[in-house]
Amino acid sequence: MEKDITFFIGSIGGGGAERVICELASYMATNNYHVKILTLTDTENKYPISSKIEYYSLDKDIVQNKKIKKIIQKIFRLCVFIKKNYTDCYIVFLPETIILVTLLRWMIKCPVIISERNDPTSYNKFVQLLMLNAAKRNEGIVFQTAFAQTFYEKKVRRLNGMVIPNAVKTEFLDPYMGKRDNRIVSVGRFNSQKNFPLLIKAFAIVSKKLPQYEMTIYGEGDTKSICIELSKKLGILDKINFAGFSTDIKEKIKN
C-alpha cells in the first residue's frame with residue numbers, strides 16, 4: 001500500500017530548502033509514495049517537480065490585503081487541510097511552518113518530522129524557544145549539520161534527531177575535461193545569514209594578487225544592493241557579475 005507523505009514549507013520558489021523539498025518529493029513520488037506539497041504562499045515554482053505530486057497553497061486566490069486577516073485565513077485553511085487530507089507523515093521545513101504545525105499539533109494524528117535547515121544560533125531567543133519546543137513535541141528532527149544537532153541536544157532531552165546533509169545530484173559529479181575559466185562562483189540568497197560582504201572583501205584581496213580572476217554570484221535577495229555598493233567602493237565592481245537567480249546552475253558552472 002502506498003504511503004502518503006505531505007511536505008510543508010513557506011513556498012517552493014528559489015532557495016536551498018525549497019530545492020531540497022522539490023527533489024526529495026519528486027524522488028518519493030516516483031518510488032511508490034503518494035506525495036503532497038503544501039505551501040504558505042503561492043509563488044512560481046523555480047524547480048521542476050514530478051507530475052505525480054499534488055500541490056496545495058494556503059493563500060491561493062486570497063484577495064485580502066490586511067496582513068493579520070490574511071494570516072488568519074491561512075491558519076483556517078491549514079486546519080481545513082489537516083482535517084480533510086489524510087497523510088501518514090508530515091515533513092516540515094523552516095521555522096515559520098514548523099512553529100505553525102507545532103501550534104496545531106493537537107489536530108494532527110500522524111507523525112511529524114521537522115527539518116532544521118539553518119544555524120539555530122542565528123534565531124532570536126523567542127524563535128529559539130519555539131523551535132526547541134517543536135523538537136520536543138514532534139516525532140523526529142533532521143539536521144543539516146552536526147553543529148545544529150549539538151545545539152538542540154544540549155537543550156532537549158531524548159531528542160530523536162539525525163544529521164542528513166544535502167544530497168548531491170549525480171549529474172553534478174560528471175568530470176569536466178575542457179578548459180576552465182578563471183572564475184570564482186558563489187550561489188545563494190542575498191541576506192545577512194549568507195554573509196556575501198565577507199566573500200566580496202575576500203575577493204578584493206585575492207583580486208590584487210590574481211587580477212586575471214573574476215567572480216560570479218547567482219542569487220537574489222534583500223542585501224544585493226548593499227553588496228553591489230560594497231563592490232563599487234572596493235573598486236572591483238567590474239570584476240563581479242551579479243547574475244541573478246538561475247535554475248540551470250550545473251550548466252553555468254561546469255567550466
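Definitions and cut-offs
Residues numbered from 1 in each chain as written. Predicted model: local features only at pLDDT ≥ 70, side-chain atom pairs only at ≥ 80, totals over all residues. Heavy atoms only, no water. Pairing = 2+ DSSP bridges. Helix = DSSP H or I, 4+ residues; strand = E, 2+ residues; numbered from the N terminus. Axes fitted to C-alpha atoms, helices over the stretch in contact; angles between N-to-C directions. Contact = heavy atoms within 4.5 Å. Patch = residues over 30% accessible without salt bridge, like charges linked within 9 Å, V, L, I, M, F, W, Y side chains within 5 Å. Areas by Shrake-Rupley, 256 points an atom, 1.4 Å probe, with all protein chains shown as cover. Salt bridge = Lys/Arg side-chain N within 4 Å of Asp/Glu carboxyl O. Expected span 1.5 Å × (residues − 1). Buried < 20%, exposed > 50% of the residue type's maximum accessible area, 1.4 Å probe, protein only. Phe/Tyr/Trp six-rings, centres within 6.5 Å; stacked < 30°, edge-to-face > 60°.

Caption draft 1: How the structure looks around the sheet that holds strand E4 (residues 89-93). Taken in spatial order, the 7 strands make up an open sheet running E3-E2-E1-E4-E5-E6-E7, and their pairing is parallel. On the outer flanks of this sheet lie strand E3 (54-57) and strand E7 (161-163), each paired with one strand and no other. The mean inter-strand angle of the sheet, taken between neighbouring strand axes irrespective of direction, is 20°. Where E4 meets strand E5 (residues 112-116), 4 bridges bridge the pair, whose relative direction is parallel. Across the sheet, Tyr90 pairs through a bridge with Val112, a residue of E5. This element, helix H3 (residues 95-103), spans strand E1 (3-9), E4 and E5 of the sheet and lies at about 140° to E4.

Caption draft 2: Broad picture of a nonpolar patch on the surface. Together, Val168, Phe172, Leu173, Val185, Val187 and Ile253 line one region of the surface with nonpolar side chains, adding up to about 520 Å² of accessible area. Along the chain, Val168 turns up in the loop between E7 and strand E8 (183-187).

Caption draft 3: Looking closely at the sheet that holds E8. As summarised here, the arrangement of the 3 strands in space is E8-E9-E10, forming an open sheet in which the pairing is parallel. Strand pairing shows two members of the sheet lacking a second neighbour, E8 and strand E10 (240-244), which therefore form its edges. On average, each strand axis in the sheet is inclined to that of its neighbour by 20°, with strand direction left out of account. Most of the contacts of helix H6 (residues 196-209) go to strand E9 (residues 214-218), to which it runs at about 170°, and overall it touches E8, E9 and E10.

Caption draft 4: Main features of helix H1 (residues 16-29). For H1, with 14 residues, the first-to-last C-alpha span of 20 Å sits near the 20 Å given by 1.5 Å per residue. For H1, the complete set of buried residues consists of Ala17, Glu18, Val20, Ile21, Cys22, Ala25, Ser26, Met28 and Ala29. Among the structural elements, E1, strand E2 (33-39) and E4 are those in contact with the buried residues of H1.

Caption draft 5: Broad picture of the packing of aromatic side chains. If you walk through the whole model with that rule in mind, you get 6 aromatic pairs. Between Tyr56 and Phe81 the ring centres are 5.2 Å apart and the planes differ by 70°, which places this aromatic pair in the edge-to-face class. Remark: Phe81 occurs in helix H2 (residues 67-84) and Tyr56 occurs in strand E3; sequence separation between them is 25 residues. A residue is classified by how much of its surface remains accessible, and Phe81, at 5% relative accessible area, is buried. Judged by centre distance (5.5 Å) and plane angle (80°), the ring pair of Phe151 and Tyr152 falls under edge-to-face.

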